[in-house]
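Structural description and commentary
Each chain is listed here by its residues.
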Amino acid sequence: CILYMCRALSAMVDKFCCSMTDIPDIFQAMDEWNVMQAVMLKASGSIEWSFVSLLVAISLAVPLVIADVMSLGFRLAVWASLAPIVLLTVLLVRVFFVAAGISDKCTRVPALANSLSFGPGTEHRRQLLIEYIVRSDAGFHIRDVRLTNAMAVKFLYTHVVCHCLRPRHEIDHRCALRGAGASTGPRWE
């Protein structure tokens with residue numbers, strides 16, 4: 001559902017860009033951008049809690065998969081049983097980047113508007129349109145924070161660093177426990 005809403009919002013930006021050449025009046029373009037921005041804010045506001053719960057699911061699924069692999073070993077049967085969780089995590093990351101792409105599309109609209117000619121003597125009004133689009137800060141918002149691809153990459157990078165790069169002594173400790181016949185499950189201290 002979230003992916004379809006994000007695709008629809010992305011299509012709205014594309015439609016606005018395609019129809020910008022057919023709009024005879026710059027102020028009409030401002031009105032259409034205003035309506036599109038309001039729809040984006042309402043849509044992102046209505047699905048933001050679902051989106052946040054998906055981010056929490058991503059944050060919890062990866063460490064659990066790592067813990068399972070560390071405790072059960074690197075056998076093919078373990079990977080086969082974890083395949084649905086890994087696939088779900090990849091799909092959730094895809095939804096995250098599709099939502100972030102909406103904001104990045106909105107940042108490229110002023111450059112398109114600047115390249116268009118709305119007739120002689122409309123340079124000042126065209127500049128007003130560009131300023132209006134830039135200052136509108138349109139895009140996908142989560143709790144009044146604009147989600148961009150740069151933020152998504154930073155989130156993913158931080159997540160990988162925090163959960164996947166374990167200190168070497170912790171891995172050696174688990175291997176020593178496994179060799180001694182002790183419990184190989186995760187230790188919660």
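Residues numbered from 1 in each chain as written. Predicted model: local features only at pLDDT ≥ 70, side-chain atom pairs only at ≥ 80, totals over all residues. Heavy atoms only, no water.

**Describing the overall build of the protein chain**
The condition that has to hold: A helix here means a DSSP run of H or I that spans at least four residues, while a strand means a run of E at least two residues long, and both kinds are numbered starting from the N terminus. Residue contacts are counted whenever heavy atoms from the two residues lie within 4.5 Å of one another. Under the convention used here, a 1.4 Å probe and the Shrake-Rupley method define accessible areas, while residue burial counts only the protein chains that appear.
Counting secondary structure elements, the protein chain contains 7 helices and 2 strands. Listing each helix as α and each strand as β along the protein chain from the N terminus yields α-α-α-α-α-β-β-α-α. Look at the contacts in the protein chain between residues 6 or more apart in sequence, and 78% of them connect residues 24 or more apart. When the accessible surface of the protein chain is totalled, it reaches about 11300 Å², and 66% of it is carbon and sulfur.

**Focus: the packing of helix H1 (residues 2-19) against helix H4 (residues 76-115)**
We apply this condition: Orientation is described by axes fitted as lines to C-alpha atoms, over the contacting stretch for helices, and by angles from 0 to 180 degrees between their N-to-C directions. Roughly parallel means an angle under 35 degrees; roughly antiparallel means over 145; roughly perpendicular covers 65 to 115; every other angle is labelled oblique. Throughout this entry, Asp, Glu, Lys and Arg are counted as charged residues, while Ala, Val, Leu, Ile, Met, Phe, Trp, Tyr, Cys and Pro are counted as nonpolar. The remaining residues, Gly among them, count as polar.
Running from amino to carboxyl end, H1 crosses H4 at an angle of 10°, the nearest separation of the two axes being 9 Å. Relative to H4, H1 is oriented roughly parallel. Every residue of H4 that contacts H1 at Ile2, Leu3, Cys6, Arg7, Leu9, Ser10, Val13, Asp14, Phe16 and Cys17 is listed here: Arg94, Val95, Val98, Ala99, Ile102, Lys105, Cys106, Val109 and Leu112. Looking at the contact of H1 with H4, its residues break down into 14 nonpolar, 1 polar and 4 charged.

**What about helix H2 (residues 26-46)?**
As a reminder, the rule being used: In this scheme, a helix's expected span is set at 1.5 Å multiplied by one less than its residue total. Each residue's exposure class comes from its accessible area (1.4 Å probe, protein chains only) as a fraction of the maximum for that residue type: buried when under 20%, exposed when over 50%, partly exposed otherwise. As used here, the arc belongs to the directions running from the helix axis to the C-beta atoms.
Between its terminal C-alpha atoms H2 stretches 30 Å, which fits the 30 Å expected from 21 residues at 1.5 Å a residue. Of the residues making up H2, those classed as buried are Ile26, Ala29, Met30, Trp33, Met36, Gln37, Met40, Ala43 and Ser44. Axial view of H2: buried residues confined to an arc of 155°, hence all on one face. Exposed and facing more than 90 degrees away from the buried side of H2 are Asp31, Val35, Lys42 and Ser46. On its buried face, H2 is in contact with H1, helix H3 (48-72), H4, helix H5 (123-136) and strand E1 (141-142).

**Details of the packing of aromatic side chains**
The geometry of an aromatic ring pair comes down to the distance between the two centres and the angle between the two planes. Under the convention used in this document: Centre distance within 6.5 Å is the pairing criterion for rings of Phe, Tyr and Trp, where only the six-membered ring of Trp is used; planes under 30 degrees apart are then read as stacked, over 60 as edge-to-face, and the remainder as tilted.
In total, this model carries 5 aromatic pairs according to the counting rule given. For the ring pair Phe96 and Phe155, a centre distance of 5.3 Å and an interplane angle of 75° mean the geometry is edge-to-face. Residue Phe96 is located in helix H4, and its partner Phe155 is located in helix H6 (residues 149-164); the two are separated by 59 residues in the primary sequence. Look at Phe155 and you get partly exposed, because its relative accessible area is 27%. An aromatic cluster is defined as three or more aromatic residues linked by ring pairs; in this entry it consists of Phe51, Phe96, Phe97, Phe140 and Phe155.

**Description of the pattern of salt bridges**
Just so we agree on the cut-off: Salt bridge criterion: a side-chain nitrogen from Lys or Arg within 4 Å of a carboxyl oxygen from Asp or Glu.
Applying the stated criterion to the full structure yields 5 salt bridges. Taking the shortest distance from any N to any O, the salt bridge between Asp25 and Arg125 comes out at 3.9 Å. Pair noted here: Asp25 is in the loop between H1 and H2 and Arg125 is in helix H5, with a separation of 100 residues, a long-range link. On the basis of relative accessible area, Arg125 is assigned to the partly exposed category, the value being 30%.

**As for H1**
Under the 1.5 Å per step criterion, the end-to-end length of H1 is 26 Å for 18 residues, consistent within 8% with the ideal 26 Å. Turning to H1, its buried residues number three or more, namely Ile2, Cys6, Leu9, Ser10, Val13, Phe16, Cys17 and Ser19. At its buried positions, H1 is contacted by H2, H3, H4 and H5.

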